[in-house]
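The lines below spell out each chain.
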Amino acid sequence: APTGLAIFEMTGAGLKQILNPSEILLSHRDEPMSGVAISATLNGNRPFLIEVQALVSSAVYGTPQRSCTGFDTRRLNMLLAVLEKRAGFRLGVKDVFLNIAGGIRVDDPAIDLAVIVSVLSSSLEIPLGKDTCFAAEVGLSGEVRPVSRIDQRIAEAEKLGFRQIFVSRYNRKGLDISKYQIGIKFAGKVEEVFKQLFKPGTRS
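Procedures and definitions
- Residues numbered from 1 in each chain as written.
- Predicted model: local features only at pLDDT ≥ 70, side-chain atom pairs only at ≥ 80, totals over all residues.
- Heavy atoms only, no water.
- Pairing = 2+ DSSP bridges.
- Helix = DSSP H or I, 4+ residues; strand = E, 2+ residues; numbered from the N terminus.
- Axes fitted to C-alpha atoms, helices over the stretch in contact; angles between N-to-C directions.
- Contact = heavy atoms within 4.5 Å.
- Expected span 1.5 Å × (residues − 1).
- Buried < 20%, exposed > 50% of the residue type's maximum accessible area, 1.4 Å probe, protein only.
- Parallel < 35°, antiparallel > 145°, perpendicular 65-115°, else oblique.
- Left-handed = near helix turned anticlockwise from the far one by under 90°.
- Nonpolar A, V, L, I, M, F, W, Y, C, P; charged D, E, K, R; others polar.
- Polar contact = N/O pair within 3.5 Å; in protein donor to acceptor, adjacent residues only side chain to side chain.

Engineer: Got a minute to help me understand the sheet that holds strand E10 (residues 164-168) in this structure?
Structural biologist: Paired through backbone hydrogen bonds, the strands of a sheet run either parallel or antiparallel to each other. Read from one edge of the open sheet, seven strands run E5-E6-E4-E3-E7-E10-E11, paired in mixed fashion. Each edge of the open sheet carries a strand with a single partner, namely strand E5 (66-69) and strand E11 (183-187). Sheet twist, expressed as the mean angle between neighbouring strand axes with direction ignored, is 25 degrees. Contacting E5 and strand E6 (94-100), helix H2 (residues 73-87) crosses the sheet at an angle of about 125 degrees to E5.

Structure below.
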């Protein structure tokens, strides 16, 4: 079976494989910034954490722009529609730019929750805690859907020092939470995640 993405850096002695890609793909900042969320993803059999960066601003030229680097634009449009319809956030008149740090492309649906949280963080200008990450797909009705190999994702987040991870409540079955030190937050709807991260009732 494929092991997934391999990352190399050029050194004086030639190419050297990065054994822990998560440490390269995550930015190191002293202060938290709005519009940034971390997702616990899988590429092949390898778990790693990546940084999702969003920038939301008022549309200058009338027609809102939607631009993605490393993520499917159609998927972003669907997630924005979920935010509008299910959670009441008015983003239809905003420009939304999304970037996956590190110059890689991610197709793992587990990144969905980090995408919408990063968009809201930027729109509301509320930074997320640096010790929080996400691993869940988001459905059209706003449900937080389970993803595969959740145990590997949680273990990777814990190894890198994260203190809490948001996952689907449907991933709880068969998961031995007692073996983890990291706090595992279960959610069934995106609204439940928003209430824990942002001030209740705040809208852009």
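Engineer: Help me understand helix H3 (residues 112-124) in this model?
Structural biologist: Along an α-helix, a turn takes 3.6 residues, which lines up residues three or four apart on a common side. Between the first and last C-alpha of H3 there are 18 Å, a value that for 13 residues agrees with the 18 Å anticipated at 1.5 Å per step. Within H3, 13 of the 13 residues are buried, which leaves the element mostly enclosed by the surrounding structure. Note on H3: the residue one or two positions beyond its end, glutamate 125, has a positive phi of about 55 degrees.

Engineer: Explain the packing of H3 against helix H5 (residues 190-197) here, please?
Structural biologist: How two helices pack is summed up by the angle between their axes together with the distance between the axes. With their axes 11 Å apart at the nearest point, H3 and H5 run at an angle of 45 degrees to one another. Viewed along their axes, H3 and H5 adopt a mutual orientation that is oblique. Considering the relative orientation of H3 and H5, their crossing is right-handed. For the pair H3 and H5, the contacting residues are Leu113, Ile116, Val117 and Leu120 in the first and Val190, Val193, Phe194 and Leu197 in the second. Classifying every residue of the contact of H3 with H5 gives eight nonpolar, no polar and no charged.

Engineer: Help me out: how do you make sense of H2 in this one?
Structural biologist: Over its 15 residues, H2 extends 20 Å from the first C-alpha to the last, a length consistent with the 21 Å expected when each residue adds 1.5 Å. By the burial criterion, the buried members of H2 are Leu76, Met78, Leu79, Leu80, Val82, Leu83 and Ala87. Each element contacted by the buried residues of H2 is listed here: E5, E6, H3, strand E8 (137-138) and H5. With a side-chain oxygen lying 3.3 Å from the backbone nitrogen of arginine 74, the N-terminal cap of H2 falls on aspartate 72. Where H2 ends, the next residue or the one after it, glycine 88, has phi of about 80 degrees, a positive value.

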